[in-house]
Amino acid sequence: MLAKRKMSLTELSQKVGITMANLSILKQGKAKAVRFSTLEAICEALDCKPADILDYEPDS
């Protein structure tokens, strides 16, 4: 979505108000949880729906 919106991680960080480190963890899929308020802010900044940025992979 970042590439599609031509937005850098730095710009998203500034718009959403969360650190680059936390955004990086989310982007890499290493986050254990995400607050709904954070998800909402990211979706608002990227003009997308949660399904556009979330991916679910069940444990094997």
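Residues numbered from 1 in each chain as written. Predicted model: local features only at pLDDT ≥ 70, side-chain atom pairs only at ≥ 80, totals over all residues. Heavy atoms only, no water.

Undergrad: Please explain helix H3 (residues 36-46) as it appears in this structure.
TA: For an α-helix, 3.6 residues make a turn, and residues three or four places apart therefore share a direction. Among the residues making up H3, those that are buried are Thr38, Leu39, Ile42, Cys43 and Leu46. All buried residues of H3 lie within an arc of 130 degrees about the axis, which places them on one face of the element. Looking at H3, the residues exposed on the side facing more than 90 degrees away from the buried face are Phe36, Glu40 and Glu44. Phi turns positive, to about 55 degrees, at Asp47, one or two residues after H3. (Buried < 20%, exposed > 50% of the residue type's maximum accessible area, 1.4 Å probe, protein only. Helix = DSSP H or I, 4+ residues; strand = E, 2+ residues; numbered from the N terminus. Arc of directions from axis to C-beta.)

Undergrad: Can you help me understand the nonpolar core in this one?
TA: Side chains of nonpolar character tend, in soluble globular proteins, to be buried together. If you look at the biggest cluster of nonpolar residues, it comprises twelve residues: Leu2, Met7, Leu9, Leu12, Val16, Ile18, Leu23, Leu39, Ile42, Cys43, Leu46 and Cys48. Of all elements in the fold, only helix H1 (9-16) and H3 reach the threshold of two or more residues within this core. The element best represented in this core is H3, accounting for four residues. Here Leu9 is in contact with Leu2, Met20, Leu23, Ser24 and Lys27, once residues within four sequence places are set aside. (Core = buried A, V, L, I, M, F, W, Y, C linked by side-chain atoms within 4.5 Å. Contact = heavy atoms within 4.5 Å.)

Undergrad: Quick question: what am I supposed to make of the environment of Ile42 here?
TA: Positionally, Ile42 belongs in helix H3. Residue classification places Ile42 among the buried positions, given a relative accessible area of 8%. On a C-alpha basis, the gap between Ile42 and Leu26 in space is 11 Å, while along the polypeptide they are 16 residues apart.

Undergrad: Would you explain the packing of H1 against H3 in this entry?
TA: What describes two packed helices is the angle between their axes and the distance between those same axes. Orientation of H1 relative to H3, taken along the N-to-C sense of each, is 120 degrees, at an axis distance of 9 Å. In terms of orientation, H1 and H3 fall into the oblique class. As for how H1 packs across H3, the hand of that crossing is right-handed. Contact residues: H1 offers Leu12, Lys15 and Val16, while H3 offers Ala41, Ile42, Ala45 and Leu46. When grouped by side-chain class, the residues that make up the contact of H1 with H3 number six nonpolar, no polar and one charged. (Axes fitted to C-alpha atoms, helices over the stretch in contact; angles between N-to-C directions. Parallel < 35°, antiparallel > 145°, perpendicular 65-115°, else oblique. Left-handed = near helix turned anticlockwise from the far one by under 90°. Nonpolar A, V, L, I, M, F, W, Y, C, P; charged D, E, K, R; others polar.)

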